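Okay, here's what each chain looks like letter by letter:
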Amino acid sequence: MILGTTPQTGPASASATAPERLNFPTLYFEATRGCNLSCDICMSSSNDVQRVRQSKREEMSTDEIEHLVLKTAKDVGVRVIIWSGGEFLTRKDALDLLARARRHGYRSSVCSNGVKLNRDLLLAIQEAGGNDLVMSLGINSLDDDNEGTRDAEVEVTLKALDLCEELGIKRHVVVNVGRHNMKTLGRTMDWLTEKRIPWNRSPFTARGSGVKHFTQHAVSREEMEQYVHPEFRRHFFGYVSYTPLFLAPEVHERFSQGQKNRTVPQGPSIGCWCGTWLAVNAEGYVAPCAILLDVLEAGNVREGTLAEIVSGSEMFGRILDRNQLQGKCGRCRYQFTCGGCRAMAFFKTGDYMAEDPTCFFEPADRNTVCEHEAETNEMFARYAIMAKYAGL
Ligand code: SF4
Ligand code: SF4
């Protein structure tokens, strides 16, 4: 998962008589490809002038967003909207959209590269989006490695995070994880933990301009095992979503009381967020993950409501049924609580239901218990309690 987001609770299960009501608590909305930076690895291709120009001609207007997204998203359980881009704040109607989202009853999370953020703008964002708004910023590393993948100095982001703290605005950090920062991850995560800032990892993938760097930056299963996963496991502030996640199904079941979106555990959501969030791009196309936008399309909000798109799409039918996962993900004890990264599966094999190619666990069958399960269960308990009581 890539998000600037927060865990959600609240069931929407089907009964024997009522029509099934699907539950996607979070909508990731890339409302523009326009950006004030030009990062070389940009997954929404905002560094590609031609692509942005074309997209701008098809970008949804303020009123379209209200009618096609804000008015219908609650029908599929959406309660939080993550506004992203490009740089969302380059949209002239950004504050208006936040205010409209609030009027429709959504909480907002704003992803930003931090460049435009100053005291006045942050106060205006808070006023438009409300006190429960979350500012989500990207940090890949606290040192020069950051500039290798983001076209901005990390100091810009750190300053924006400090300002948010001063103004009482909730904070979140997205860490794009790849070979470029795997050796500094521990330090980055220690720092985030010390600052009590929740974060999530976004895997480096071949979406958009990332395709040119995929071989260079995407982590292998050996690197996942040696460098990345040990850090994921020991930092519960990042448990909102990562894979592989060796969480015992019965532990989640006990905590969530069996809450699911079809087969995808929720309350809190963990592991792969496909089935928990929906993603919409600037032109209105819908995908099961932010990282799968532009490469997988279930439909367009200009042609059908989100409820119609999700319930009528074969892709969502498969994604929501983790019984259909292939390879070792399909015979794994963590098939439901983890699910494996569908984006990494897709970019490595072309099949979004294939096994997660970065996973180093080798289950013989569902009885195989991972050596890291006990540690994962313990960290999950801490995370879940924090998520519940801190209102993250
Ligand atoms: S496919 Fe799943 S695990 Fe991978 S980035 Fe998307 S939500 Fe996260
Ligand atoms: S085999 Fe798949 S489901 Fe099991 S832990 Fe690995 S990625 Fe997760």
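Everything quoted here is computed from the prediction, not taken from an experiment.

**Quick look at the site of ligand 2**
For step 1, the next point in the chain: By nearness alone, 16 residues border ligand 2, and Cys-329, Cys-332, Cys-338, Gly-340 and Cys-359 come closest of all.
For step 2, the next point in the chain: Residues that form the shell around ligand 2 fall into these classes: 9 nonpolar, 4 polar and 3 charged.

**Describing the environment of Val-240**
For step 1, the next point in the chain: Turning to its location among the elements, Val-240 is positioned in the loop between helix 9 (221–234) and helix 10 (249–256).
For step 2, the next point in the chain: For Val-240, a count of 24 C-beta atoms within 10 Å translates into the label buried.
For step 3, the next point in the chain: Separated by 143 residues in the primary sequence, Val-240 and Tyr-383 have C-alpha atoms spaced 7.9 Å apart.

**Let's talk about helix 7 (residues 185–194)**
For step 1, the next point in the chain: For helix 7, every residue scored as buried is listed here: Leu-185, Thr-188, Met-189 and Leu-192. Along the axis of helix 7, the buried residues cluster in a sector spanning 90°; they form a single face.
For step 2, the next point in the chain: Just past helix 7, the residue Arg-196 takes up positive phi, approximately 55°.

**Description of the pairing of strand 2 (residues 80–84)**
For step 1, the next point in the chain: Here strand 2 lies mainly inside the structure; 5 of its 5 residues are buried.
For step 2, the next point in the chain: With burial as the criterion, each face of strand 2 is covered, one bearing Val-80, Ile-82 and Ser-84 and the other bearing Ile-81 and Trp-83.
For step 3, the next point in the chain: For strand 1 (residues 26–30) and strand 2, the ladder comprises 5 bridges, and the chain directions are parallel. Bridge assignment links Leu-27 to a residue of strand 2, and that residue is Ile-81.
For step 4, the next point in the chain: Judged from the 4 bridges that link them, strand 2 and strand 3 (residues 107–112) form a sheet pairing that is parallel. Counterpart to Val-80 in the pairing with strand 3 is Arg-107.
For step 5, the next point in the chain: Since strand 2 and strand 3 lie parallel, the crossover through helix 3 (residues 94–103) that links them has a hand, and here it is right-handed.

**Examining helix 14 (residues 373–389)**
For step 1, the next point in the chain: For helix 14, built from 17 residues, the straight-helix expectation of 24 Å at 1.5 Å per residue is met to within 8% by its first-to-last C-alpha distance of 24 Å.
For step 2, the next point in the chain: Taken together, the buried positions of helix 14 are occupied by Thr-376, Met-379, Phe-380, Tyr-383, Ala-384 and Ala-387. Buried positions in helix 14, seen along its axis, are confined to an arc of 145° and lie on one side of it. Facing away from the buried surface of helix 14 by more than 90 degrees, the exposed residues are Ala-374, Arg-382, Ile-385 and Tyr-389.
For step 3, the next point in the chain: For helix 14, the elements touching its buried residues are helix 9 and helix 10.

Here is what the cut-offs are and how they apply
- Residues numbered from 1 in each chain as written.
- Chains lettered and ligands numbered in written order.
- Predicted model: local features only at pLDDT ≥ 70, side-chain atom pairs only at ≥ 80, totals over all residues.
- Near = placed C-beta within 6 Å.
- Nonpolar A, V, L, I, M, F, W, Y, C, P; charged D, E, K, R; others polar.
- Helix = DSSP H or I, 4+ residues; strand = E, 2+ residues; numbered from the N terminus.
- Buried ≥ 20, exposed ≤ 12 C-beta atoms within 10 Å, placed from the backbone.
- Arc of directions from axis to C-beta.
- Pairing = 2+ DSSP bridges.
- Right-handed = clockwise from strand over helix to strand, strands pointing away.
- Expected span 1.5 Å × (residues − 1).
- Contact = placed C-beta atoms within 7 Å.

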